[in-house]
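Breakdown of the fold
Here's the letter readout for the chains.
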Amino acid sequence: MKTTAKRLKTLFYICIAFELLLIVLYESNVLLEGTWSGNAEAEFLVMTLMQLVTVCAIPLALRLMKFSFVRQYITSHGCAGLHKISVLRLLMLFVPMFLNSVFYYEFVKAGFGYLAIILAISLVFIVPTQSRCASEL
């Protein structure tokens, strides 16, 4: 179980570092921002999609371990099952956060930034610790 907690914690911090690297690259003008800023139709569609994804992903990720089929999967597969489900839960929040950050810089619209911040705040509730892994196992 210690190795599972360490792997999940490593993945958690790698994803945070990857997000911060993206922000640093855009803020230092290594990656150019605003390339999609003139396309209003695409902005509307992407904003609507990302709002739906964000609104659905947060409660699903936070309550994922409460579902009976997830509990059964974890009890039948042990630490390996916990690792797979926990990675899925982390990615359910990190992938939309990363995409919202990219869209924030590409469309230069604050709405995407707010969605990324909301996802970042929700990460506080799923930080992988050894005690959390023990309680979920």
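Everything below is about the structure shown above.
Remember, it's a predicted structure, so these values are computed and weren't measured experimentally.

**Considering unusual backbone geometry**
Backbone geometry at Asn 29 places phi at a positive 65 degrees, although glycine is not the residue there. One can find Asn 29 in the loop between helix H1 (2-27) and helix H2 (40-63). The residue Val 108 is not glycine, and still its phi comes out positive at about 55 degrees. Here Val 108 shows up in the loop between helix H4 (79-107) and helix H5 (110-122).

**A short note on the packing of aromatic side chains**
One pass over the full model with this rule turns up 11 aromatic pairs. Measuring from ring centre to ring centre gives 4.5 Å for Tyr 26 and Tyr 105, while their planes differ by 5 degrees; the resulting arrangement is stacked. Taken together, the positions of Tyr 26 in helix H1 and Tyr 105 in helix H4 put the pair 79 residues apart, joining distant regions of the chain. Summarising the burial analysis for this pair, Tyr 26 and Tyr 105 share the class buried. Taking 6.1 Å as the distance between ring centres and 50 degrees as the angle between the ring planes, the aromatic pair formed by Phe 103 and Phe 107 counts as tilted. Here Phe 103 and its partner Phe 107 are both found in helix H4, 4 residues apart, which amounts to about one turn of the helix. Here Phe 103 matches Phe 107 in class, with each residue buried. By the ring-pair criterion, three or more aromatic residues cluster together here, those being Trp 36, Phe 103, Phe 107 and Phe 112.

**A look at a nonpolar patch on the surface**
Taken together, the side chains of Leu 62, Tyr 114, Ile 117, Ile 121, Val 124 and Phe 125 define a hydrophobic patch exposed on the protein surface, amounting to about 640 Å² of accessible area. In this structure, Val 124 sits in the loop between H5 and helix H6 (130-136).

**Thoughts on the layout of surface pockets**
A probe matching the size of a water molecule, rolled over the atoms, marks out where space remains unfilled. Size it by volume and the largest pocket reaches roughly 180 Å³. Taken together, Ile 16, Glu 19, Leu 20, Ile 23, Met 97, Ser 101, Tyr 104, Tyr 105, Gly 113, Ala 116, Ile 117 and Ala 120 make up the lining of the largest pocket. Mapped onto the lining of the largest pocket, the elements with two or more residues apiece are H1, H4 and H5. Looking at the lining of the largest pocket residue by residue, the classes come out as 9 nonpolar, 2 polar and 1 charged.

**Quick notes on H4**
An ideal rise of 1.5 Å per residue puts 42 Å on 29 residues; H4 measures up with 41 Å between its terminal C-alpha atoms. A maximum bend of about 25 degrees is found in H4 at Leu 91. Taken from the residues just after H4, Val 108 is the one with a positive phi, measuring 55 degrees.

**Re the environment of Val 46**
Locating Val 46 in the fold gives a position in helix H2. Of the residues examined, Val 46 reaches a relative accessible area of 19% and is grouped as buried. Separated by 20 residues in the primary sequence, Val 46 and Lys 66 have C-alpha atoms spaced 30 Å apart. Those residues in contact with Val 46 that sit more than four places away from it in its chain are Phe 103, Phe 107 and Phe 112.

What counts as what
Residues numbered from 1 in each chain as written. Predicted model: local features only at pLDDT ≥ 70, side-chain atom pairs only at ≥ 80, totals over all residues. Heavy atoms only, no water. Helix = DSSP H or I, 4+ residues; strand = E, 2+ residues; numbered from the N terminus. Phe/Tyr/Trp six-rings, centres within 6.5 Å; stacked < 30°, edge-to-face > 60°. Buried < 20%, exposed > 50% of the residue type's maximum accessible area, 1.4 Å probe, protein only. Patch = residues over 30% accessible without salt bridge, like charges linked within 9 Å, V, L, I, M, F, W, Y side chains within 5 Å. Areas by Shrake-Rupley, 256 points an atom, 1.4 Å probe, with all protein chains shown as cover. Salt bridge = Lys/Arg side-chain N within 4 Å of Asp/Glu carboxyl O. 1 Å grid on protein atoms, 1.4 Å probe; cavity = no way out; pocket = protein on both sides within 12 Å on 5 of 7 lines; lining within 4 Å. Points joined across faces, edges and corners; volume = space filled by probe spheres on them. Nonpolar A, V, L, I, M, F, W, Y, C, P; charged D, E, K, R; others polar. Expected span 1.5 Å × (residues − 1). Bend = angle between axes of the 7 residues up to and from the residue. Contact = heavy atoms within 4.5 Å.

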